[in-house]
Amino acid sequence: MNKKIIILLILIFFNNNIRVNSLEDLKFFNQGKQNFEKEKYDKAKINFEKHIVRDPKNSKSYLYLSKIYKVKKLNDEYEKNLNTTLLLDPKNEEALYMLISKKLKDGDFDLAKKKFEIFKSSCKKLCEKKVELSNLIKKYKN
């Protein structure tokens, strides 16, 4: 009987500890998002990096980091974070759209076309961008 009570107390402790850590992790992401919306990019970057340290598989923080690097015109970091976003979430529409647009401007039509096929087959929220991307692919190809 004592063993059951001890095990139950240990489980309750760990469950509460996990929940607190999850809320704290989410706090970093939410603060980063608020700072991003206020155009406080350096603060937002720190918040997203803290969130990634605690939850390295969260693609949303990498996506926001890529947006920050795009604003700061750091193309290598921008693309690196987009690729990480897509590695973690291969059908992330926003990341696909951003990467396709970047690759078209860079002249990498083969990769842009390949990613566009993924975008077309998986879009749910940004489907209206299909026509825009299709026209860009045709424009840059010529």
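In this report, we go over the structure that sits alongside the text. Keep in mind the model is a prediction, meaning the values are calculated, not measured. (Residues numbered from 1 in each chain as written. Predicted model: local features only at pLDDT ≥ 70, side-chain atom pairs only at ≥ 80, totals over all residues. Heavy atoms only, no water.)

Side note on the packing of helix α4 (residues 75-88) against helix α5 (residues 93-106)
Each packed pair of helices is defined by two parameters, the angle between the axes and the distance between the axes. Put simply, the rule reads: Note on method: axes are straight lines fitted to C-alpha atoms, helices fitted across the in-contact stretch only, with angles between N-to-C directions ranging 0 to 180 degrees. Elements are defined by DSSP. Helices are runs of H or I of four residues or more, strands are runs of E of two residues or more, and each kind is numbered from the N terminus. An angle below 35 degrees is read as roughly parallel, one above 145 as roughly antiparallel, one from 65 to 115 as roughly perpendicular, and any other as oblique. Note: crossing handedness is left-handed where the near helix turns anticlockwise from the far helix by less than a right angle, and right-handed where it turns clockwise. We call two residues in contact when some of their heavy atoms are within 4.5 Å. Each residue is assigned to one class: nonpolar for Ala, Val, Leu, Ile, Met, Phe, Trp, Tyr, Cys and Pro, charged for Asp, Glu, Lys and Arg, and polar for all the others, Gly among them.
One can describe the packing of α4 onto α5 by two numbers: an axis separation of 10 Å at closest approach and a directional angle of 140°. In terms of axis orientation, α4 runs oblique to α5. Both α4 and α5 take part in a crossing whose hand is left-handed. Contacts between α4 and α5 pair Asn75, Tyr78, Glu79, Leu82, Asn83, Thr85 and Leu86 from the former with Ala95, Leu96, Met98, Leu99, Lys102, Lys103 and Asp106 from the latter. When the residues that make up the contact of α4 with α5 are grouped by side-chain class, the tally is 7 nonpolar, 3 polar and 4 charged.

Here's the deal with the layout of surface pockets
Convention followed: The rule is simple: put a 1 Å grid over the protein atoms alone, call a set of points where a 1.4 Å probe fits but cannot get out a cavity, call an open set with protein on both sides within 12 Å along at least five of seven lines a pocket, and count a residue as lining if it has an atom within 4 Å of a point. Grid points are joined across faces, edges and corners, and a volume is the space filled by probe spheres set on the points.
Approximately 310 Å³ is the volume attributed to the largest pocket. For the largest pocket, the lining is made up of 14 residues, of which Lys60, Leu63, Asn92, Glu94 and Lys125 are closest to its centre. Listed by contribution, the elements that provide at least two residues to the lining of the largest pocket are α1 (2-37), α3 (59-71) and α5. Per element, the largest residue contribution to the lining of the largest pocket is 5 residues, and it comes from α3. Looking at the lining of the largest pocket, its residues break down into 4 nonpolar, 2 polar and 8 charged.

Remarks on the nonpolar core
One recurring pattern in soluble globular proteins is that nonpolar side chains are buried together. What counts is decided by this rule: Nonpolar cores were defined as sets of buried Ala, Val, Leu, Ile, Met, Phe, Trp, Tyr and Cys residues, with membership established by side-chain atoms within 4.5 Å. The buried label applies to any residue whose accessible area, calculated with a 1.4 Å probe on protein chains only, is under 20% of its type's maximum; exposed applies above 50%, and partly exposed to all values in between.
If you look at the biggest cluster of nonpolar residues, it comprises 28 residues, and the most contacted ones within it are Phe36, Phe48, Ile68, Leu82, Ile100 and Phe119. Within the residue set of this core, elements represented by two or more residues are α1, α2 (41-54), α3, α4, α5, α6 (109-122) and α7 (129-141). Residue contributions to this core peak at 7 residues, all from α5.

Details of the pattern of salt bridges
To be explicit about the condition: A pairing counts as a salt bridge when a side-chain nitrogen of Lys or Arg comes within 4 Å of a carboxyl oxygen of Asp or Glu.
Scanning all chains against the criterion turns up 8 salt bridges. The residue aspartate 106 makes a salt bridge to lysine 102 at a minimum N-O spacing of 2.6 Å. Taken as a pair, aspartate 106 and lysine 102 lie in helix α5 at a separation of 4 residues, close to a single helical turn. The closest approach of N and O atoms between lysine 120 and glutamate 117, which form a salt bridge, is 3.4 Å. Taken together, the residues lysine 120 and glutamate 117, both in helix α6 and 3 residues apart, mark about one turn of the helix. You can call lysine 120 partly exposed: its relative accessible area is 35%. When its relative accessible area of 40% is taken as the criterion, glutamate 117 is described as partly exposed. Where salt bridges share partners, they join Glu79, Lys102, Lys103 and Asp106 into one cluster.

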